[in-house]
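Structural description and commentary
Spelled out from the first residue to the last, the chains are:
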Amino acid sequence: MRRRCLAVLIAFLSLSAGFCGSGTRAEFRGEHGILPAGSEIDNEALSRPREVFRSEAIGGRKSYLVKLGDAAFNAPLLLGGAARQAGMSCATCHVNGTFNPRLFVPGLSHGPGTFDTTGPIFNPLADNGINDAVTTPSLRGARYLQPYGHDGRMASLRDFVRGVIVNEFAGPEPSPAILDALVAYIEDIDFLPNRRLGPGGKLVGQLSDSQKRGEALFYRPFPHDPALSCASCHIPSGAFVDHRQHDVGSDGLFKTPTLRNANFNAPYFHDGRYRSYAEVVTHFDRVFYLGLSTQDRRDLVTYLTAIGDGEQPYEADGVDPRMREIEDFVSVLDAALPARDGAAVALVIDAVNAELHELSERFPARKDTAVEGGRDERAKARGAIKETVLSLHRLEAAAAREDVETATKRLTDYRATLAAALPAMKAAEPWSLFDPKVAEAYYAARQQLYRAAIDPAMAARRPFDPDD
Amino acid sequence: MTATHLPAVQRLRHVLAGLIPVALAVMPTAPSAAAEFGAGIAQYKSFLGEQIARSGDAAAALRDRVAAGDLAGAQRAWLEARGGWEAAEVVADEFFPELDAAIDAWPDAKHGFHAIEAKLFGAHSTDTLAESEALLANLRTFRQKLEATGLTAQGLLNGAAKLAFEIGENKSDGGESPFSGNSLAEIGDNLAGIDAAYREVFAAPLAAADAALDRKVRATIEEFHAVTAAGDLAKLDQTHLRRLSEELATALQAAGPVIGLQKPVLED
């Protein structure tokens, strides 16, 4: 859940980007700093994508490996170079294991939600000299979706994850154990359940006529190539993928993306060129000469919307979910400290520290004049979180000395400090950025400030267009 | 750290080098009451007065340059005013929270340093006369209140610990002064303020009561200076800075009871 208020601009380009989920709107912003002017990497939505873990969905619990992998996924320490400097982690782009529709880095993005992993900023050694930005894929159901990468270049999820860390984000070589944990975590992220999908990927229950027609069209052979149909590549019984790459007229060979939970994954295609199912259907109609009528296209969209759905795609952000996540991470230390697993301990502490700082920022300080009310409550919450951060620091120092006995005591102290902080956080929550009205006032003030900083000469520039 | 701020920091260090032996000579070896911090507090208050005067003078120049439509001059004056303010920040929130909120509001497009910063450095406009006049008035009020207020050792320790923590919390990633790119210089100014508070008010009694803790605080501050001397935010080791920030806040918290004060709170 990473997102400190990152600071990154030189000039003030533009202005606002919508994002999915409920919540606020925020402006592209930035400061003199690590990322280019106009960068937007935070996701400050009031609702966050819901993360379903397969282990829990089938009645079990998250393993040590899954929790360690989750912590590593949220630790800037896993990455290197500019990403770590900017406080980014894997979770910056894959928010709660999905994606970040607001992610935008000028020069590396075609639009919000896309990103060029072979650009000059994060690992100059991987810079290929072109902006070939792609969407950040959701990791829901990743265990079923090999090969990996939009072009399917990696058969192994483990190899792919290592490549992202080391080659794309200039991180240090992760240990085999950390890679195992990351893979365990990613493979535990399940699809959101969809009660409309029955055995074999067939729609079940009360279906509309349009859905029925759409499903039939989905299986219908293409007029000019009867060996093909939508379903021949998006195999319904197999998570709507065929594990193969195809040229579908999108400038190269790309693997078949899953259609499960795809309602929440826009923009579509590897480079995010389409914002809606309607645009996608129109593309296939044109490229494969399908001869679809307007009604056919509508029916296909209706069908795609039904199979791409998922239950409770978002959940409200707040103190409680944040605390649950922090405790999940910290629980790793119960085993990692006595095992003297320095790499695991360091990643967990880094992830928890980032979470605590982010949590603190949700309680506006006294100088945040946009927020009224609850001043004392907010101050107490911030103070309590800061004490928790220092408690974690003492734990970190003992662990760095490999003084397991002291570190274990510090872990107990940390838990007590965090438990003592919880009532203050809960009391301040109505005046925090978890509250829609408070968040609206805060982000409106921030947007106003950034708009005041727009140089008219810069604002008149056209936004970046990859087709220029 | 910008060239604008280097002379001030160097001057501060020069002054401190001369003051420390004096302070060591006059401070009791084991203070048991807040009154025993009086001499150090007086010295530190002198430092604060100098910083706020510097900020106020620069704010007057800022107002004049804005009125004259001199963007470059206004930007230089803003940076100078900011330097003095940040060096005095140990006392801002702790003793004068309302003025602090008016002078250093965030996010606020109408009041304070950052509203002016957005216009000058973002929009490259000098259309900020009203805000500049208000800032000047608030800084003058701040100076008057500072002169009239009796600073307490506990309040100064609280302020120093809070600021030490704050540097690692949200200043190090560049977010303090986003439009001017002045954040690294401001970290240096904050550090100069903490350094002065520690050396003038707390170093001698702590050295007498717990020499090891005193050495730890001094070493952490020195390391802090070295890390922030990177000169480029992108080259700053953020993790190291965050740890130093927490280390210094922790050490200052530990110092409180050792020198007869309460453990400083980080937010109140």
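Within each chain, residues carry numbers counting from 1 in the order of the written sequence. Key to labels: chains lettered from A, ligands numbered from 1, both in the order written. Selection of residues for local features in this predicted model requires a pLDDT of at least 70, selection of side-chain atom pairs for listing and counting requires 80 or more, and totals for whole chains, interfaces and linings are taken over all residues.

Structural notes on the overall build of chain B
Per the secondary structure count, chain B includes eleven helices and zero strands. Numbering of helices and strands runs from the N terminus; a helix is a DSSP stretch of H or I covering at least four residues, while a strand is a stretch of E covering at least two. Going residue by residue from the N terminus, the α and β elements of chain B occur as α-α-α-α-α-α-α-α-α-α-α. The buried share of chain B, reckoned over its 268 residues, is 58%. Contacts spanning at least 24 positions in sequence make up 74% of the contacts within chain B whose residues lie at least 6 apart. In this scheme the burial state of a residue depends on its C-beta neighbours within 10 Å: 20 or more other such atoms mean buried, 12 or fewer mean exposed, and anything in between means partly exposed; the C-beta positions come from the backbone. C-beta atoms are placed from the backbone for every residue, and two residues are taken to be in contact when these atoms lie within 7 Å.

Brief notes about the overall build of chain A
Of the regular secondary structure elements, chain A holds 17 helices and eight strands. In chain A, buried positions account for 50% of the 468 residues. Contacts in chain A between residues at least 24 apart in sequence constitute 67% of all its contacts with a sequence separation of at least 6.

Brief notes about the nonpolar core
One broad rule of soluble globular proteins: the nonpolar side chains tend to lie buried together. A set of buried Ala, Val, Leu, Ile, Met, Phe, Trp, Tyr and Cys residues, joined to one another through C-beta atoms within 7 Å, is what we call a nonpolar core. Ranked by size, the top nonpolar core spans 189 residues in total, and within it Ala72(A), Leu347(A), Val348(A), Leu156(B), Ala160(B), Ala164(B) and Leu252(B) carry the most contacts. Ranked by the residues each element gives to this core, the list is headed by helix H9 (residues 183–209) of chain B, at 14 residues. Once you skip the residues sitting within four places of it in the chain, Ala72(A) turns out to touch Leu78(A), Ile178(A), Ala181(A), Leu182(A) and Leu347(A).

Quick look at the packing of helix H13 (residues 342–361) of chain A against helix H14 (residues 375–400) of chain A
All names here are of chain A. Contact geometry for H13 and H14: axes closest at 10 Å, N-to-C directions at 165°. In terms of orientation, H13 lies roughly antiparallel with respect to H14. Like other packed secondary-structure pairs, H13 and H14 cross with a definite hand, here left-handed. Between H13 and H14, the contacting residues are Val345, Ile349, Val352, Asn353, Leu356, Leu359 and Ser360 on the first element and Arg382, Ile385, Lys386, Thr388, Val389, Leu392, Leu395, Glu396 and Ala399 on the second. Each axis is a line fitted through C-alpha atoms, taken for helices only over the stretch in contact, and angles between the N-to-C directions span 0 to 180 degrees. For classification, angles of less than 35 degrees are called roughly parallel, those exceeding 145 degrees roughly antiparallel, those between 65 and 115 degrees roughly perpendicular, and all remaining angles oblique. In this scheme the handedness of a crossing depends on how the near helix is turned from the far one: anticlockwise by less than a right angle means left-handed, clockwise means right-handed.

A look at the confidence of the model for chain A
Mean pLDDT over chain A stands at 89; residues scoring 70 or higher make up 88%. Across residues 461–468 of chain A, confidence stays below pLDDT 50; counting only partners more than four residues off in sequence or on other chains, it has four contacts. In predicted models, pLDDT denotes the confidence assigned by the predictor to each residue on a 0 to 100 scale.

Some words on the environment of Glu117(B)
For Glu117(B), the location among the structural elements is in helix H6 (residues 112–122). Each C-alpha atom of the pair Glu117(B) and Ser177(B) lies 7.8 Å from the other, and the pair is 60 residues apart in sequence.

Thoughts on helix H11 (residues 238–258) of chain B
All names here are of chain B. The span expected for a helix works out to 1.5 Å for each residue beyond the first. Here H11 contains 21 residues, and its C-alpha end-to-end distance of 30 Å stays within 8% of the 30 Å for a straight helix at 1.5 Å per residue. H11 sits mainly inside the fold: 15 of its 21 residues count as buried. Looking one or two residues beyond H11, the residue adopting positive phi is Gly260, at roughly 80°.

Overview of the packing of helix H2 (residues 38–67) of chain B against helix H3 (residues 71–87) of chain B
All names here are of chain B. Contact geometry of H2 with H3 gives a least axis separation of 7 Å together with a crossing angle of 160°. It follows from the interaxial angle that H2 and H3 lie roughly antiparallel. Two packed elements cross with a definite hand, and for H2 against H3 that hand is left-handed. Facing H2, whose interface residues are Gln51, Ile52, Arg54, Ser55, Ala58, Ala59, Ala61, Leu62, Arg65 and Val66, H3 presents Gly73, Ala74, Ala77, Trp78, Glu80, Ala81, Gly84, Trp85 and Ala87. Three classes are used: nonpolar for Ala, Val, Leu, Ile, Met, Phe, Trp, Tyr, Cys and Pro, charged for Asp, Glu, Lys and Arg, and polar for all others, with Gly counted as polar. Broken down by class, the residue content of the contact of H2 with H3 amounts to twelve nonpolar, four polar and three charged.

Digging into H2(B)
The terminal C-alpha atoms of H2(B) lie 42 Å apart, and with 30 residues this matches the ideal 44 Å at 1.5 Å per residue to within 8%. Immediately beyond the C-terminal end of H2(B), within one or two residues, lies Gly69(B), with a positive phi of roughly 70°.

So, the confidence of the model for chain B
Low-pLDDT portions of the prediction should not be read for the details of their coordinates. All names here are of chain B. Looking at chain B, the pLDDT average stands at 87 and 85% of residues meet or exceed 70. Within chain B, helix H7 (residues 129–148) carries the highest mean pLDDT (98), whereas helix H1 (residues 6–26) carries the lowest (44). Across the interfaces of the predicted complex, the ipTM metric reaches 0.86, alongside a pTM of 0.87.

Observations regarding unusual backbone geometry
The residue after Ala266(A), namely Pro267(A), is reached through a cis peptide bond having omega 5°. Cis geometry is adopted by the peptide bond preceding Pro107(B), which originates at Trp106(B) and carries an omega value of -15°. Mapped onto the elements of the fold, Pro107(B) is located in the loop between helix H5 (97–103) and H6. In the Ramachandran plot, Gln312(A) falls in the positive-phi region, its phi being about 45° despite a non-glycine side chain. The topology assignment puts Gln312(A) in the loop between helix H10 (294–307) and strand E8 (314–316). Backbone geometry at Glu402(A) places phi at a positive 60°, although glycine is not the residue there. For Glu402(A), the location among the structural elements is in the loop between H14 and helix H15 (404–428).

A few points about the environment of Thr239(B)
All names here are of chain B. Its place among the elements puts Thr239 in helix H11. The partly exposed category is assigned to Thr239, around which 18 C-beta atoms lie within 10 Å. Along the chain, Thr239 and Trp85 lie 154 residues apart, while their C-alpha atoms are 26 Å from each other.

Details of the environment of Leu248(B)
With respect to the helices and strands, Leu248(B) occurs in helix H11. Not counting residues within four places of it along the chain, the set of residues in contact with Leu248(B) comprises Ala164(B), Val217(B), Thr220(B), Ile221(B) and Phe224(B).

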